[in-house]
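# Topology and contacts: notes
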Amino acid sequence: AMLAFAEGAASAILGARREDQNRIDRTGFCHRIRRSSHYLLNDRTPAGRQFLAHFAGAEADCFVMAIDIRKSTDLMLNAKTPPCFEEFISAIEASLKDAVRENVGIVDKFTGDGLLAYFPPFLAGEEAGMRCLRAASRCHDAFEKVYTQKRHCFQLRPAGVGLGIGVDYGAV
């Protein structure tokens, strides 16, 4: 009985820690950038303060990537069940965000059937434009992979489903 209690308590503690970390990751700025850049958010050196100054409401030039799932309404209407469609959209959201963060971009928001991301040179470096294009390519690959994996979620697979991705450069 004690062993069962100890295992249950350990499981509950681990679950609470995971839940707490998920809450922390999804609030503030941490969930928008890759983990290896998190130290920049707490850096109190002059370089760290200069980095944080970019987020104080001032404009910054950067590459902007807007993604939209083409035919998302058709996909929703052809989903076998609402939970199946939610499973598909959640997997797509995670994959797109990972592709942006892997390429040193900032995830601004997931719009329900798309994503908005920024690739500022102060974070992504001189390669910001190439990182943005690599992220776009990775997003296309990720979408195809998830769409194939989740084919069981749909009654029909409408033609023309995919990602529409636009990239621009300017002040944000």
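Now for a look at the structure at hand. (Residues numbered from 1 in each chain as written. Predicted model: local features only at pLDDT ≥ 70, side-chain atom pairs only at ≥ 80, totals over all residues. Heavy atoms only, no water.)

## A word on the side chain of Asn-78
So the rule is basically this: In DSSP terms, a helix is any run of H or I states spanning at least four residues, a strand is any run of E spanning at least two, and both are numbered starting from the N terminus. In the analysis that follows, any N or O atom pair within 3.5 Å is treated as a polar contact, provided that within protein one partner can donate a hydrogen and the other can accept it, and provided that, for residues neighboring in sequence, both atoms belong to side chains.
Within the fold, Asn-78 resides in the loop between helix 3 (72-77) and helix 4 (82-102). From its side chain, Asn-78 meets the backbone oxygen of Asp-74 in a polar contact 2.8 Å long.

## Quick look at the nonpolar core
Stated formally: In plain words, nonpolar cores are sets of buried Ala, Val, Leu, Ile, Met, Phe, Trp, Tyr and Cys residues tied together by side-chain atoms within 4.5 Å. Three labels apply to residues, based on accessible area from a 1.4 Å probe with only protein chains included: buried if under 20% of the type maximum, exposed if over 50%, partly exposed otherwise in between. In what follows, residue pairs with any heavy atoms lying within 4.5 Å of each other are defined as contacts.
Of all hydrophobic cores here, the largest spans 29 residues; its most connected members are Met-65, Leu-75, Phe-88, Leu-96, Leu-115, Phe-143 and Phe-154. Every element with two or more residues in this core is listed here: strand 1 (61-70), helix 4, strand 2 (106-110), strand 3 (114-119) and helix 6 (128-149). Here this core gets 8 residues from one element, more than from any other, and that element is helix 4. Other than its neighbours up to four places away in sequence, Leu-96 contacts Ile-67, Phe-110, Leu-115, Cys-139 and Leu-163.

## Topic: the side chain of Asn-103
The residue Asn-103 is located in the loop between helix 4 and strand 2 in this model. On the basis of relative accessible area, Asn-103 is assigned to the buried category, the value being 10%. Polar side-chain contacts of Asn-103 include one of 2.9 Å to the backbone oxygen of Ala-99. When neighbours within four sequence positions are excluded, Asn-103 is seen to be in contact with Phe-119, Arg-131, Arg-134 and Ala-135.

## Notes on the sheet that holds strand 3
Let me state the cut-off plainly: Strands are labelled as partners when DSSP assigns at least two bridges between them. Axes here refer to lines fitted to C-alpha atoms; in helices the fit is confined to the stretch in contact. Angles between the N-to-C directions go from 0 to 180 degrees.
What the 4 strands build is an open sheet, ordered 2-3-1-4; its pairing is antiparallel. Looking at which strands have only one partner, the edges of the open sheet turn out to be strand 2 and strand 4 (162-171). The mean angle between the axes of side-by-side strands here comes to 20°, regardless of whether they run parallel or antiparallel. The pairing of strand 1 with strand 4 spans 10 bridges and is antiparallel. Across the sheet, the residue bridging to Ala-66 is Gly-166, located in strand 4. The strands that helix 4 touches are strand 1, strand 2, strand 3 and strand 4; relative to strand 2, the one it contacts most, it runs at about 160°.

Spatial relationships are all this shows, so hold off on functional conclusions.
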